[in-house]
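Below are the chains, spelled out letter by letter.
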Amino acid sequence: MAIRSRVLSHWAAAACALGLGAPAFAQADPAAALDGLSQASAQVAPGMALARRQIGDGDLMGALATLERVLIGHADADGALMLHASLLCRLDDRDGARAELGALERPVAGRDWAEVTAACGPLPRPGRGG
């Protein structure tokens, strides 16, 4: 239960930072906090903003989960995919990042790719034949 309380309080703080408001997250129902975070990560831009805030707070696992929720509904969101891959490398899962990038057949933006290589080191660039 202590872990769940910590997660909920962290998510409530993230939701407040997103402007979702404290009243919705101050309710006694913990599911309300989770619903708010799910809604925040239902679209690409708010989900990416939340993930970047979580990264800034040092919550890499939370950011990873946020990006996974974004990618469930938006598999073509290249920025989210690249940030997700860079987080995998930062969490010492370079093979996971490589597998994720290997499935991508379209070219990616230079800025997004720079973030991946900063975290992962040199990797074959998607959409360029390696």
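Residues numbered from 1 in each chain as written. Predicted model: local features only at pLDDT ≥ 70, side-chain atom pairs only at ≥ 80, totals over all residues. Heavy atoms only, no water.

Q: Sorry if this is basic, but what is going on with the confidence of the model for the chain here?
A: The predicted coordinates should not be examined in detail at positions where pLDDT is low. For the chain, mean pLDDT is 79; residues scoring 70 or higher make up 71% of the total. The low-confidence segment residues 1-8, where pLDDT is below 50, has 3 contacts with residues more than four positions distant or belonging to other chains. Below a pLDDT of 50 lies the segment residues 20-26, which in the model reaches 14 contacts outside its immediate sequence neighbourhood of four places, other chains included. (pLDDT = per-residue confidence, 0-100. Contact = heavy atoms within 4.5 Å.)

Q: Looking at this structure, I do not really get the pattern of salt bridges. What am I missing?
A: If charged atoms from side chains of opposite charge come close, those side chains can pair. Per the stated rule, a full pass over the model turns up 4 salt bridges. For R52, the salt bridge goes to E115, with nearest N and O atoms at 2.9 Å. One end of the pair, R52, is in helix α4 (residues 44-56); the other, E115, is in helix α8 (residues 110-120), and 63 residues separate them in sequence. (Salt bridge = Lys/Arg side-chain N within 4 Å of Asp/Glu carboxyl O. Helix = DSSP H or I, 4+ residues; strand = E, 2+ residues; numbered from the N terminus.)

Q: Help me understand the state of the cysteines, please; the structure alone is not making it clear to me.
A: By definition, a disulfide links the sulfur atoms of two cysteine residues through a covalent bond. If you walk through the whole model with that rule in mind, you get 1 disulfide. Between the sulfur atoms of C89 and its disulfide mate C120 the distance is 1.9 Å. The S-S bond linking C89 to C120 shows a torsion near 105 degrees; that makes this disulfide right-handed. Of the two residues, C89 sits in helix α6 (residues 78-90) while C120 sits in helix α8, which places them 31 residues apart along the sequence. (Disulfide = S-S within 2.5 Å.)

Q: Any chance you could explain the side chain of S86 here in plain terms?
A: Residue placement: S86 occurs in helix α6. By relative accessible area, which is 3% here, S86 ends up buried. Those residues in contact with S86 that lie beyond four places of it in its chain are E115, V116, A119 and C120. (Buried < 20%, exposed > 50% of the residue type's maximum accessible area, 1.4 Å probe, protein only.)

Q: Got a minute to help me understand the environment of V70 in this structure?
A: Relative to the elements of secondary structure, V70 occurs in helix α5 (residues 60-73). For V70, a relative accessible area of 0% puts it in the buried group. Sequence separation of V70 and G47 is 23 residues, and the distance between their C-alpha atoms is 6.1 Å. Aside from chain neighbours lying at most four places away, what touches V70 is S41, Q43, V44, G47 and A80.

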